[in-house]
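Structural characterization, general
Listed below, chain by chain, are the residues.
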Amino acid sequence: MPEGAIGVSVKRKEDERFLRGEGRYTDDIVLPRQSYAMILRSPIAHARIVSLDAEVARAMPGILAVFTGEDIAAAGVGGLPCGWGVTDRHGQPMREPLHPLLVKDKVRHVGDSVAMVVGGSLAEVRAALDAIEVDYEPLPAVSAPIAALAEGAVKVHEEFESNLCYDWEIGDAQAVQAAFAQAHKTAKVELINNRVVPNPMEPRAANAVYDGNSDSYTLYMTSQNPHVIRLLMGAFVLQIPEHKLRIVAPDVGGGFGSKIYHYAEEALVTWASRQLRRPVKWTSERTEAFLTDAHGRDHVTTAELALDEAGTFLALRVDTVANLGAYLSTFAPSIPTYFYALMFSGQYRTPAIHARVQGVFTHTTVVDAYRGAGRSECMYALERVVDQAARVMRLDPAEIRRRNFIPEDGFPFHSPVGVVYDSGAFERGLDMTLKLADWSGFEARRKSSEATGRLRGRGLACWIESSGAAPSAAVTALGCRAGLFEAAKVRVHPTGGVTVFTGAHSHGQGHETTFAQVVAEKFGLSVDQVDVVHGDTAQVPFGMGTYGSRSMAVGGGALSLTADKVIEKGKRIASHLLEAAEEDILFEDASFKVAGTDRELGWVEMALAAHIPANYPLDAMEPCIEETTFYDPPNFTFPNGVFVCEVEIDPDTGKTRVDRLVGVHDVGRCINPMIVDGQLHGGVAQAVGQTLLERVAFDDDGQLLTASYMDYCLPRADDLPNFDTALNEVPCPHNPIGVKGAGEAGATGAPAAVINAVIDALSSLGLESIDMPATPEVVWRAIRQAKGG
């Protein structure tokens, strides 16, 4: 097995430059004649702009321009497009308001863009920004999704008759109603999936330069999908032909979904670079990130489960109101609909399911995908109601799940909401997790905690998600306005080295290592012989980027298929040089061999020969080796797993401590166990943050009350235990390399496990529900109320 083959924990190739501080991020890029931009943000959630006076600002030292909504409108610049359309349950298209780059007449959330100042230095720009005078006429606002649906609620967009973007459903409502009518028992939970801010380490940034000689643009930016930004911004906003627009996403310091979307700032600096004939850079400040990065979650949900006498699931009914914010972000309509409700089968054989989702506009920051997007919200609701069903039926939480699992011989499984699961071993995963968590030893640990005055609880969650964000035929049928295939190119150099070009994008996942492992194993090389290029539309043929755990499943699949093409061409070259029939050429151990003989052509010899085609039959074979594949998979992939969490609660303070958290995961074929483990740990950390600490809070007037780390609490190292993880690998049968996905597992499955553990710890007080985040204050108040205090 070559060094760095699939399944080996190879150290990440990219880490050396990061550890040395030699990474190249967007804000590191300083171009000749560089200028800087800042955005004037609305301090009011809903207001009419009576007047805007920027004359003093324009005359200040170093200021190159002040652009307003009037300037943008006069230039004919379009609004930000939405990339996914949803048709509601009445057959009507969703309501789709204009999302201007700079507001001209009315602001609709705190942080809405009002003007952009460009100057020679940030200090000069900041001073000019403060000199702009805006007269706002404040208007009533609505920030809560339920309140936004109330009769007489203030409208976010006057052109619509209400704040409802869509009223959507999936499943069979009549079958569900009939099942509930004959149920032995029903379980019901009402819950809130709290809004969160992604908070990647690197804030968003954009630096654009216009080249008048070629009439072309280059935009350096923090993006998870450069080609998609090129398409959206070029075609729909600035009307720039794609061959005149280059997007470069260099090293990117985290995304978690927040860097998928097309934001106003990147279009503004690109447009301004042509107006000023010099580079224009904007870098977000942290408070701007809280105000303008797309937030995640924000659901209000009721979930009900019907059961028979044996605890078998008969039907599931879910009703959700989802906050979309003031405008529609790029993928926003799809997250609370298709990426949410399509997974309500979970790991179970529930025969009837119906889900209704109302997407609502409010005077708040836009809401879109956040790590585990839609599937995390789905698994949280499902596993909360399953736990409640266990209490209603007086069954062990593990046992009720075991009774309802899809069996291992039940694949492919056609769920009642139209998804086809291809593979899984759910019961085996549960058994592995219970053993790893020492499930049977819990009562002894509970008694030990009680002896010190602490309350101990355990929570279980079985999760599954749709990953891969493909195939194109499926997603376009569901409303996606682009195909979600992936591209890969593999180039073999004369001395045998290999460069691969991928449309997937790395923002911390370690693609330069794992993608190299895929190709290295195919060719029998070491990972050091393979370089990976990504994030540059001028070098990569095309690509739909990285999100939805699609990198390896779709991008890696494209690379694997392209490597196969390279090997086939290598066989043709070897056949010619070794004077053997092509069907007699075998490729193994980095050599092309003639079957049954000792004749062979090594990889390096073949690579050199490909570039010196002195005696090739040129009518049948081109020189050099460079192959390309555009891969559109036949189905989603379905990673799955089980989490068990144990918590200890101090009843005097409400402080919850996660004592242990165990997870067993089916990610399909594992490329690099160390990197997969890191992905799992990162997702779990975000899950613990949401469940116990993080919450975006708006007041009734739409003011963001949690706009800094003084008010918004991220998990620290001492908030987290060491995580115990293991793999339950069941290869994906339709994927070229058998992978399913790993990046969102922790954020998808762990929230329900943590909250179920908190509820279990409080169950002795008669409590059966608590909402995220279960902060010390929330838990303390719940305990006091339960005790009648």
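Before reading further, recall that the structure is shown in the block above.
Notes on the structure follow.

Each value, and the rule that gives it
Residues numbered from 1 in each chain as written. Predicted model: local features only at pLDDT ≥ 70, side-chain atom pairs only at ≥ 80, totals over all residues. Heavy atoms only, no water. Helix = DSSP H or I, 4+ residues; strand = E, 2+ residues; numbered from the N terminus. Contact = heavy atoms within 4.5 Å. 1 Å grid on protein atoms, 1.4 Å probe; cavity = no way out; pocket = protein on both sides within 12 Å on 5 of 7 lines; lining within 4 Å. Points joined across faces, edges and corners; volume = space filled by probe spheres on them. Nonpolar A, V, L, I, M, F, W, Y, C, P; charged D, E, K, R; others polar. Buried < 20%, exposed > 50% of the residue type's maximum accessible area, 1.4 Å probe, protein only. Salt bridge = Lys/Arg side-chain N within 4 Å of Asp/Glu carboxyl O. Axes fitted to C-alpha atoms, helices over the stretch in contact; angles between N-to-C directions. Parallel < 35°, antiparallel > 145°, perpendicular 65-115°, else oblique. Left-handed = near helix turned anticlockwise from the far one by under 90°. Core = buried A, V, L, I, M, F, W, Y, C linked by side-chain atoms within 4.5 Å. Pairing = 2+ DSSP bridges. Phe/Tyr/Trp six-rings, centres within 6.5 Å; stacked < 30°, edge-to-face > 60°. Lys NZ or Arg CZ within 6 Å of the ring centre and 35° of its normal. Polar contact = N/O pair within 3.5 Å; in protein donor to acceptor, adjacent residues only side chain to side chain. Expected span 1.5 Å × (residues − 1). Bend = angle between axes of the 7 residues up to and from the residue.

Mapped onto the secondary structure, K11 falls in the segment before α1 (15–19). On a C-alpha basis, the gap between K11 and I675 in space is 8.5 Å, while along the polypeptide they are 664 residues apart. Those residues in contact with K11 that sit more than four places away from it in its chain are T513 and M674.

Moving on to empty space enclosed by the protein. Scanning the entire structure with this criterion turns up six cavities of 30 Å³ or more. Here the largest cavity is characterised by a volume of approximately 240 Å³. For the largest cavity, the lining is made up of 22 residues, of which L80, H99, Y263, A264 and T292 are closest to its centre. Within the lining of the largest cavity, the residues separate by chemical class into nine nonpolar, nine polar and four charged. Estimated volume of the second largest cavity: approximately 70 Å³. Tallied by class, residues from the lining of the second largest cavity come to nine nonpolar, one polar and no charged.

Our next topic: unusual backbone geometry. Cis geometry marks the peptide bond from A470 to P471, where omega comes out at 10°. With respect to the helices and strands, the residue P471 is situated in the loop between β18 (455–464) and α15 (472–477). Omega for the bond connecting M772 with P773 falls within 30 degrees of zero, at -10°, which places this linkage in the cis form. Relative to the elements of secondary structure, P773 occurs in the loop between α20 (745–762) and α21 (776–786). Of note, N199 is a non-glycine position whose phi angle comes to about 55°, a positive value. You can see N199 is positioned in the loop between β8 (185–193) and β9 (205–211). Residue N199 is classed as buried on the basis of its relative accessible area of 9%.

Time to look at the pattern of salt bridges. Taken as a whole and judged by the stated rule, the model has 58 salt bridges. Among the salt bridges present, the one from R48 reaches E137, with a minimum N-O distance of 3.3 Å. Separated by 89 residues along the polypeptide, R48 in strand β2 (residues 47–53) and E137 in strand β6 (residues 133–138) bring together distant segments of the chain. Judged by relative accessible area, R48 falls into the partly exposed class, the value being 36%. Between D589 and K593 there is a salt bridge, with its nearest N and O atoms 4.0 Å apart.

The packing of two helices is summarised by the inter-axis angle and the distance between the axes. As a packed pair, helix α16 (residues 511–523) and helix α17 (residues 551–577) sit with axes 9 Å apart at the nearest point and diverge in direction by 30°. Of the possible angle classes, the one that applies to α16 and α17 is roughly parallel. Here α16 and α17 pass one another in a crossing that is right-handed. Residues H511, T514, F515, V518, V519, K522 and F523 of α16 pack against S551, M552, G555, G556, L559, S560, A563, D564, V566 and I567 of α17. Taken together, the residues of the contact of α16 with α17 sort by class into nine nonpolar, six polar and two charged.

For the rest of this paragraph, the subject is the nonpolar core. Judged by nonpolar contacts, the single largest core of 198 residues is most densely connected at F344, V498, F523 and W603. At 11 residues, α20 tops the list of elements feeding residues into this core. Once you skip the residues sitting within four places of it in the chain, W603 turns out to touch V492, G496, V498, F523, L525, V566, F587, A590, S591 and F592. Grouped together as the second largest cluster of nonpolar side chains are 33 residues, L101, M116, W271 and A272 included.

As a further point, take the pairing of strand β15 (residues 352–361). Burial within β15 is extensive, with nine of its 10 residues counted as buried. Pairing of strand β7 (residues 164–171) with β15 involves seven bridges; the strand directions are antiparallel. Considered in β15, the bridge of Y166 is made with G359. Where strand β14 (residues 313–325) and β15 come together, 10 bridges link them in parallel fashion. Its bridge partner lying in β15, G325 is registered against F361.

Let us now look at the sheet that holds β7. Read from one edge to the other, the open sheet built from five strands follows the order β7-β15-β14-β13-β8, with strand pairing classed as mixed. Only two strands of the sheet have a single partner each, and these edge strands are β7 and β8. Averaged over neighbouring strand pairs, the angle between their axes works out to 10° when direction is ignored. Across the face of the sheet, helix α6 (residues 173–181) comes into contact with β7, β8, β13 (299–307), β14 and β15 while running at roughly 125° to β14. Here helix α11 (residues 375–393) sits on the sheet in contact with β8, β13 and β14, set at roughly 140° to β8.

This next bit is on the packing of aromatic side chains. The geometry of an aromatic ring pair is captured by the separation of the ring centres together with the interplanar angle, meaning the angle of the planes. Following the criterion strictly, the structure yields 24 aromatic pairs and no others. With centroids separated by 5.7 Å and ring planes inclined at 40°, the aromatic side chains of F413 and Y421 adopt a geometry described as tilted. A relative accessible area of 0% places Y421 in the buried class. Pairwise contacts between aromatic rings join F313, Y348, F405, F411 and F426 into one cluster. Here the basic side chain of R550 rests over the ring of Y547, its NZ or CZ set 5.4 Å away from the ring centre.

Along the chain, S143 turns up in the loop between β6 and α5 (145–149). A polar contact of 2.9 Å, which involves the side chain of S143, links it to the backbone oxygen of D699.

Next up on the list: α20. Between its first and last C-alpha, α20 extends 27 Å over 18 residues, near the 26 Å set by a 1.5 Å rise per residue. Most pronounced at P751, the bend in α20 amounts to some 25°.

This part takes up the sheet that holds strand β23 (residues 591–594). Strand order in the open sheet formed by three strands is β22-β23-β24, and the pairing between neighbours is antiparallel. The open sheet terminates on both sides in strands that have one partner only, identified here as β22 (585–588) and β24 (600–602). Averaged over all adjacent pairs, the angle separating strand axes in this sheet is 20°, with direction ignored. Sheet strands in contact with α17 are β22, β23 and β24, and its direction is about 130° off that of β22.

This part takes up the packing of helix α7 (residues 226–237) against helix α8 (residues 264–276). Running from N to C, α7 and α8 cross one another at 60°; their axes reach a closest spacing of 11 Å. Here α7 is positioned oblique relative to α8, judged by the angle of their axes. Note that α7 runs across α8; the crossing there is right-handed. Of the residues in α8, those in contact with I229, M233 and V237 of α7 are E266, A267 and T270. Residues of the contact of α7 with α8, tallied by class, amount to four nonpolar, one polar and one charged.

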